[in-house]
Amino acid sequence: MKPWVELGRTKTPDGGDMRLKQRDDEYSIVVDGVELMSSRVHGSEEALAEVACEDLAGRKKPSVLVGGLGMGFTLRAALDLLPADASVTVAELVPEVAEWNRGPLGPLAGDPLADQRVHLTLADVGAVLRQSVGRFDAILLDVDNGPAALTSSGNSDIYGEPGVARLHRALRPGGRLAVWSAWAERDFEHRLRRQGFQARTVRVRARGNKGSRHVIFVGDRSRRPA
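Everything in this summary refers to the structure shown in the same document. All values reported here derive from a predicted model rather than from experimental measurement.

### Topic: the pattern of salt bridges
Close approach of charged atoms lets side chains of opposite charge pair.
Line of reasoning, step 1. Considering all chains together, one arrives at 18 salt bridges under this definition.
Line of reasoning, step 2. One salt bridge connects Arg-76 with Asp-80, and the closest N-O pair in it is separated by 3.1 Å. With Arg-76 and Asp-80 both in helix α2 (residues 73-81), this residue pair falls four residues apart, about one helical turn.
Line of reasoning, step 3. Looking at Asp-80, the relative accessible area reads 55%, which means it is exposed.
Line of reasoning, step 4. Put simply, Asp-115 and Arg-117 hold a salt bridge, and the shortest N to O gap is 2.9 Å.
Line of reasoning, step 5. For Asp-115, a relative accessible area of 18% corresponds to the buried category.
Line of reasoning, step 6. The network of salt bridges with common partners includes Glu-6, Arg-9, Asp-17 and Arg-19.

### A word on the side chain of Ser-44
Line of reasoning, step 1. Positionally, Ser-44 belongs in helix α1 (residues 43-53).
Line of reasoning, step 2. Taking relative accessible area as the criterion, Ser-44 reaches 1% and is therefore assigned buried.
Line of reasoning, step 3. A distance of 2.9 Å separates a polar atom in the side chain of Ser-44 from a polar atom in the side chain of His-214.

### A closer look at unusual backbone geometry
Line of reasoning, step 1. Residues other than glycine seldom take positive phi values, yet Asp-24 does so here, at roughly 55°.
Line of reasoning, step 2. Relative to the elements of secondary structure, Asp-24 occurs in the loop between β2 (17-23) and β3 (26-31).
Line of reasoning, step 3. A residue is classified by how much of its surface remains accessible, and Asp-24, at 47% relative accessible area, is partly exposed.
Line of reasoning, step 4. Even without being glycine, Lys-61 reaches a positive phi, approximately 45°.
Line of reasoning, step 5. Residue placement: Lys-61 occurs in the loop between α1 and β5 (63-67).

So, how was this worked out
Residues numbered from 1 in each chain as written. Predicted model: local features only at pLDDT ≥ 70, side-chain atom pairs only at ≥ 80, totals over all residues. Heavy atoms only, no water. Salt bridge = Lys/Arg side-chain N within 4 Å of Asp/Glu carboxyl O. Helix = DSSP H or I, 4+ residues; strand = E, 2+ residues; numbered from the N terminus. Buried < 20%, exposed > 50% of the residue type's maximum accessible area, 1.4 Å probe, protein only. Polar contact = N/O pair within 3.5 Å; in protein donor to acceptor, adjacent residues only side chain to side chain.

What follows is the structure in structure tokens.
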């Protein structure tokens, strides 16, 4: 088996060592020696977009927020479901991840950043949410390992009670929140309900019908204005 080749290296906001590696046609992003994502396994990331955007094809000029670019698979799946007049804001905190998606990672998902519907913001998704009221028809979050298994303490601002309230305010009436998670967490589902969401949990596989089971938390905002 061929050895891994390092293509890029940077620091996470918490000071972790983040590296992009390649072996044959496989790519991996590793933080402090632990694989964060792989080009081999992205079924649940695509399912995140499908759950969030399944009802938006017929909506006029839908506005979507994607929190976390990753390897672009979620963004590509969303674009494939959205109409030509859609607007997709991508919030990515690590500039090098965006650079990698414009470089070696781009072809994996069909260069989604080149799509004219996409607007990339190099910022914390929490900062985008704080400036957004009634702006989005769908919000897709793939930040950290989910609401419970945080590797960055700063992400608790997104998934805590005030953060969930901001998510609700950022959606238009009838909008949908979809949150990727490595594990289920009943407390987060209750949190969604306390902040006005109609909440449910969808379980998906990491790779088609195989691989690890991941969770997508779904929160629907009522069509009636608050």
